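For reference, the chains in residue letters:
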Amino acid sequence: GRLTLGMVAAGAIAKKVLGNTVVKAELISVGGSKDFEKTIGRAVEERDSVGGIVECRVNGLPIGLGEPFFDSAESLLAHALFSIPGIKGVEFGAGFACAGMKGSECNDALIGKDGKTRTNNSGGASGGMTNGNEVVLRVAVKPASSIGKAQKTLNLASGKETELKIGGRHDACIALRVPVITEAAAAIVFADLALLNRACRIQN
């Protein structure tokens with residue numbers, strides 16, 4: 001949590017830079033369940049921990065933020081999101097579900113000159129750049145490693161397996177704290193891209 005303090009502070013400024021763009025993230029699943037209270041309560045009783053999935057939606061972005069290749073909107077977002085401790089997966093739009101679709105199902109049909117499409121399986125970016133649709137991304141947060149339950153580990157001095165018990169207070173679900181950090185990471189990336197876009201327009 002202390003590592004992400006600076007990111008959250010920078011995200012608050014980035015949101016002001018973005019103006020009317022709305023960045024909103026929420027926890028949508030905990031330990032594979034929608035029943036947060038029950039799932040986390042069970043983890044507390046068992047002195048264990050659970051992970052979660054956080055979804056972030058960004059609305060009001062202009063078309064064309066990002067680049068076609070290395071600095072695509074998705075590449076930059078993934079880079080920032082994976083800097084959040086505990087993030088083990090990132091997906092955009094339909095994400096991994098796209099692997100089970102046909103091209104005719106996954107393709108987003110264009111329905112407006114403003115870039116709007118009938119579906120949003122791509123998650124708001126095409127060819128590495130924002131396309132006028134809502135940006136939709138999700139991150140997978142792993143269960144906290146530090147738990148109250150005894151675990152097996154290796155004693156490096158003896159070379160033998162031993163039992164590890166970690167004292168103190170433990171978070172049963174660190175994913176509860178991740179939405180605000182996810183918002184900050186997304187806001188920072190899009191503020192940076194918006195400023196670069198603005199600078200290019202001024203130069204031209």
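Just so it is clear, the model here is predicted, and its values are computed rather than measured.

Caption draft 1: Local environment of the overall build of the protein. Looking only at helices and strands, the protein has 5 helices and 8 strands in total. Ordered by position in the sequence, the α and β elements of the protein form the string α-β-α-β-α-β-α-β-β-β-β-β-α. Classification of the 204 residues of the protein by burial places 39% in the buried group. Sequence-distant contacts, at least 24 apart, represent 68% of the contacts inside the protein between residues at least 6 apart. Of the accessible surface of the protein, which amounts to about 12100 Å², a share of 56% is contributed by carbon and sulfur atoms. Considering the protein, the positive charge centre built from 24 side chains and the negative charge centre built from 20 side chains are found 3 Å apart.

Caption draft 2: Quick look at the sheet that holds strand β6 (residues 135-141). If you walk across this open sheet you meet the 4 strands as β1-β2-β6-β3, and the pairing is antiparallel. Looking at the sheet topology across the chains shown, the edges are occupied by β1 (22-30) and β3 (87-92). Direction aside, the axes of adjacent strands within the sheet are offset by 20° on average. As judged from the 5 bridges shared by β3 and β6, these two strands associate in the antiparallel manner. Within β6, the residue paired with Val 90 across the bridge is Val 139. Running at roughly 160° to β3, helix α3 (residues 73-81) makes contact with β3 and β6 of the sheet.

About the thresholds
- Residue numbers here run from 1 along each chain, matching the order of that chain's written sequence.
- Local features in this predicted model are restricted to residues whose pLDDT is 70 or higher, and side-chain atom pairs enter the listing and the counts only when it is 80 or higher, whereas totals over whole chains, interfaces and linings include all residues.
- The basis for every side-chain value is the complete set of heavy atoms in the structure, and neither hydrogens nor water enter the calculation.
- Working definition: helices are DSSP H or I runs of at least four residues, strands are E runs of at least two. Numbering for both runs from the N terminus.
- Categorising residues by exposure relies on relative accessible area from a 1.4 Å probe, with only protein chains included: less than 20% of the type maximum marks a residue as buried, more than 50% marks it as exposed, and the intermediate range marks it as partly exposed.
- The contact criterion used is simple: two residues touch if any of their non-hydrogen atoms lie within 4.5 Å.
- Only the protein chains shown count as cover for residues, and all accessible areas are computed by the Shrake-Rupley method using a 1.4 Å probe.
- Residues counted as positive are Lys and Arg, residues counted as negative are Asp and Glu, and His and the chain ends are not counted.
- All charge positions are set by atom: Lys at NZ, Arg at CZ, Asp at CG, Glu at CD.
- Strands are treated as partners if at least two bridges between them are detected by DSSP.
- Angles shown run from 0 to 180 degrees and are taken between the N-to-C directions of axes, each axis being a line fitted to C-alpha atoms and, for helices, limited to the stretch in contact.

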